[in-house]
Amino acid sequence: MSKVNNNTVWVSPTAKKTECILTISLLVSNSITTIRKCLESLRPLLEQVDSELVIVDTVGKENSDGSLEIAREYADKIVRFEWCDDFAAARNAGLKLAQGKWFLFIDDDEWFDNVGEFVTFFKNSDESKKYNTIYFNKHNYQNLEGTIYREIKTPQCVKLFKGLKFEGRIHERFSSMHLPFKHINAFVHHYGYVRKFSKEKFERNEKLLKESLRENPQNMHMWAQLLAGYGIKTAENRKKVKKEAVTALKQFEQIKKQDDSIQRDGFTIFAYLLRVLIVEEKWKTALEVKRKYETLLNLLQYERCILDNFTYIIFINSKKKNEAVKYVLDYVKNYHWLQTHKEEYLNQESFYFQNDVSEAKLFGLSASLLSRERENKNWQKILNTATKLPWANNVKYINSILAIVLLAAYHENDLKLIQTICNQITTNDGKLPLIFGIAVKALKESTEVDEKELTSFVARIQSKDSFILIQQALAAEGTSAFEQKLKKLQKARISCTVPNEELFSLLIRNKLDPTLHIESLSYEEWLAAVNQIVTIYAKKRSQIPAFAEQIEQVWNLCSKRELLLMSLRHNYLFSPDITTSEIKNELGAYADNVVNFAQTIYLPELLTGRTSSMLPSEIRFGIFVQRAVNERKAGHEAQYLANLRKGLEYYEDADRLIKRLLREYAEKDQKQQQINDEMVRLGSQVKVQILGMLQKGENQQAEPLILELAQLLPNDLEVRRLWALCHRGV
């Protein structure tokens, strides 16, 4: 045992005597549930790197929940620190014992997921000599399940320089950090702010922060931490933030000598005030605050991004779109600078406003800008902006802008930019993301391009992706090169999945069986493709019957074929502008498709008689429609109408369709009744005439009239009596 500055130090008998590269310092409180996990996560570092573990005991053996005994199993040194509500002082107790060239600090309620990158870094002498600070990630969880968290980059590993120390009673930090910085993907789990712990820690932190501010009201770092702790979710907290921010900014203005650190914290306070005013929709006040304090701050690119975003929100909501666009352009410019200066990005980054400086925010703002430029057809401005966007590894954000950039490149014939973008978003196995094909197809369906010209433009992209190969075949259709392109598609066995469903129409147009390109698809994949094919043909409805016939000519009956055909014909028949004659022409084929599809997936007994209630309503409808059509062909009109009515009972969506057919027959019956009534009226007149002739003895002249009347009214008893009178006594 020994003493350092009145703090008792325990040194393990097995403590390392060799040169030490890394000192790991761990604050131990009472976290019995996590400390073993924390220490085990550090074991690979302790075993594979010349390192030491310094434990800072903040509770004492007599008050420990057992954490200290667990820590002793791993520790090289343990220093007893009498807790005095000062985190920097506790950290410094461990720092004073450090013998390593590097220093890493961590808490006992945190643990690394994997320290492999640390091991690799420290085993590479060139790397460890080159850099002075390591940033790694921290997941601050908001629920015990670990599904919701905020990720921050934290510089908790630095090379030891003379005079280095921790500052800050709460939310402590190094007094200085030195470039160059390196970021690694290792991360620690931190559950310290989950549920009940959150309230306890907030109350503790607020108390310590306010104590520090009473001692030094111009400590901008403490003000920034206080505002961050309040947050802005409730009206009460927003009120606190506004009050404290105004007080803090008054102190900020009084500081005559402001270093970079003070400036950074001053900006944080200013930004929190702005954010509250934005949430409360006080646009005029927010703009006044922005103009007042912006001039007092030497803004870095990272901070300009934050302010650009806030200002954009203010101007958009103030109905000043032209002014808002300027700040989007400035955001893109500053973010592009950060992307090309990675170390500066790390140096400038603030965990307070990470969501405001991100790829998600960049592409979201860019979408607003590019949509406006699209309206104005400023194609070159769109392309200039596109060159500054980080396309690689950001596929999930490009959905809203890719089609716009493609459109601009098409109009400017800028294949080079599109090729560059494709190269950046192509996966290691040579595939473009689905969104690329979807964007191209969306443009083809618009009125802003010539479909064939766009196809030819996209076909010039150098890529082995299946969608591009299909575009190349489409562009070559009707030329001598088409057969070669087609063979390439067949050799690659490209499937007609979304967004490759154009391949299906290409095959059908050229009278080729599509089975090879469909048989491997799951039902869900084929259904997605069917929906896309139907959507395309919905815009050219008149072509559906001919297209359906072409499909039937080259593709043998199977469930996938019938699913597509019933979907196409459904779209055709249920169109609001379809005529009755068109319904009659296609209704039988549609019903056959429905029944054929049902027969491939359902037991036969479910489809007979009244049909099973387990069947989907459209299937039951189709069965009765098929029966109705067959009855009509047999001339059984009553059964035809009965089956139509029965089918309608199961499928209300067909109400308009079936009622049109029923109305046609009702009108036909009504017309026949009118004819019958007219015949009866005329017959009565002829009967009177015949009776007069018979009374005059003109039987021979009356006979042909009676025969003609008998043909018109075969069941009329009066006509029979006239015939008897005519031949009486003959």
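This text follows the structure it describes.
Fair warning: this is a prediction, and the values are worked out from it, not measured in the lab.

Novice: Please explain the pairing of strand β8 (residues 133-141) as it appears in this structure.
Specialist: Side-chain positions along a regular strand alternate between the two faces of the sheet. For β8, the tally of buried residues reaches nine of nine residues, placing the bulk of the element in the interior. Two elements, β8 and strand β9 (residues 149-159), share eight bridges in a ladder whose sense is antiparallel. Looking at the pairing, T133 lines up with V158 of β9. Strand direction decides the pairing type here: β8 and strand β12 (residues 181-190), joined by seven bridges, are parallel. When the bridges of β12 are listed, Y135 appears paired with H183.

Novice: I would appreciate a short explanation of the packing of helix α20 (residues 466-476) against helix α21 (residues 482-492) in the present structure.
Specialist: Pairs of packed helices are described in terms of their axes, by the angle between the two and the distance that separates them. Here α20 crosses α21 at 155°, and the two axes come no closer than 8 Å. For the element pair α20 / α21, the angle class is roughly antiparallel. Here α20 runs over α21; the crossing is left-handed. Across the interface between the two elements, L469, I470, Q472, A473 and A476 of α20 pack against F482, K485, K488 and L489 of α21. Taken together, the residues of the contact of α20 with α21 sort by class into six nonpolar, one polar and two charged.

Novice: Which parts of the structure should I look at to understand the packing of helix α11 (residues 301-317) against helix α12 (residues 321-339)?
Specialist: Relative orientation of the contacting elements α11 and α12 amounts to 160°, with a least axis distance of 8 Å. With respect to their mutual orientation, α11 and α12 come out roughly antiparallel. Taken as a pair, α11 and α12 cross one another with a handedness that is left-handed. Between α11, through Q301, Y302, R304, C305, D308, N309, T311, Y312, F315 and I316, and α12, the contact on the second element is made entirely by K321, E323, A324, Y327, V328, D330, Y331, N334, Y335, W337 and L338.

Novice: Teacher, can you tell me more about the pattern of salt bridges here?
Specialist: Note that side chains of opposite charge can pair when their charged atoms are close. Tallying each qualifying case throughout the model produces 39 salt bridges. Of the charged contacts in the structure, one is a salt bridge between R91 and E172, with a shortest N-O distance of 2.8 Å. Of the two residues, R91 is situated in helix α3 (residues 87-95) and E172 in the loop between β10 (166-167) and β11 (173-174); the sequence distance between them amounts to 81 residues. Each of the two residues, R91 as well as E172, counts as buried. The shortest N-O distance in the salt bridge between D265 and R173 comes to 3.3 Å. Of this pair, D265 sits in helix α9 (residues 260-279) while R173 sits in strand β11, and the two are 92 residues apart along the sequence. The exposure class assigned to D265 is buried, which follows from its relative accessible area of 5%. Judged by its relative accessible area of 28%, R173 falls in the partly exposed class.

Novice: Sorry, what's going on with the environment of E649 here?
Specialist: Considering the arrangement of structural elements, one finds E649 in helix α28 (residues 637-650). When the C-alpha atoms of E649 and I706 are compared, they prove to be 49 Å apart, with 57 residues separating the residues in sequence.

Novice: So what exactly am I meant to see when it comes to the pairing of β12 here?
Specialist: Burial of β12 is extensive: seven of the ten residues sit out of reach of the surface. Note: strand β7 (residues 110-112) against β12, three bridges, orientation antiparallel. Residue pairing in the sheet places E110 in a bridge with H190 of β12.

Novice: Can you walk me through the packing of aromatic side chains in this structure?
Specialist: The geometry of an aromatic ring pair comes down to the distance between the two centres and the angle between the two planes. All chains considered together, the criterion is met by 41 aromatic pairs. Here the aromatic rings of F310 and F353 are separated by 6.2 Å at their centres, their planes lie at 85°, and the arrangement is edge-to-face. Within this pair, whereas F310 is found in helix α11, its partner F353 is found in the loop between α13 (342-348) and α14 (359-375), the two being separated by 43 residues in sequence. Ring centres 6.5 Å apart and planes at 70° place the aromatic pair F574 and Y590 in the edge-to-face group. Here F574, found in the loop between α25 (559-573) and α26 (580-601), pairs with Y590, found in helix α26; they are 16 residues apart in sequence, far enough to count as distant. Relative accessible area serves as the criterion here: at 22%, F574 is assigned to the partly exposed category. Three or more aromatic residues joined by ring pairs make a cluster, and in this case those are Y272, F310, F351, Y352 and F353. Across from the ring centre of W111, 4.5 Å away, lies the NZ or CZ of K37, which sits over that ring. Above the ring of Y537, the side-chain terminus of K540 is found at 4.8 Å from the ring centroid.

The rules behind these values
Residues numbered from 1 in each chain as written. Predicted model: local features only at pLDDT ≥ 70, side-chain atom pairs only at ≥ 80, totals over all residues. Heavy atoms only, no water. Buried < 20%, exposed > 50% of the residue type's maximum accessible area, 1.4 Å probe, protein only. Helix = DSSP H or I, 4+ residues; strand = E, 2+ residues; numbered from the N terminus. Pairing = 2+ DSSP bridges. Axes fitted to C-alpha atoms, helices over the stretch in contact; angles between N-to-C directions. Parallel < 35°, antiparallel > 145°, perpendicular 65-115°, else oblique. Left-handed = near helix turned anticlockwise from the far one by under 90°. Contact = heavy atoms within 4.5 Å. Nonpolar A, V, L, I, M, F, W, Y, C, P; charged D, E, K, R; others polar. Salt bridge = Lys/Arg side-chain N within 4 Å of Asp/Glu carboxyl O. Phe/Tyr/Trp six-rings, centres within 6.5 Å; stacked < 30°, edge-to-face > 60°. Lys NZ or Arg CZ within 6 Å of the ring centre and 35° of its normal.

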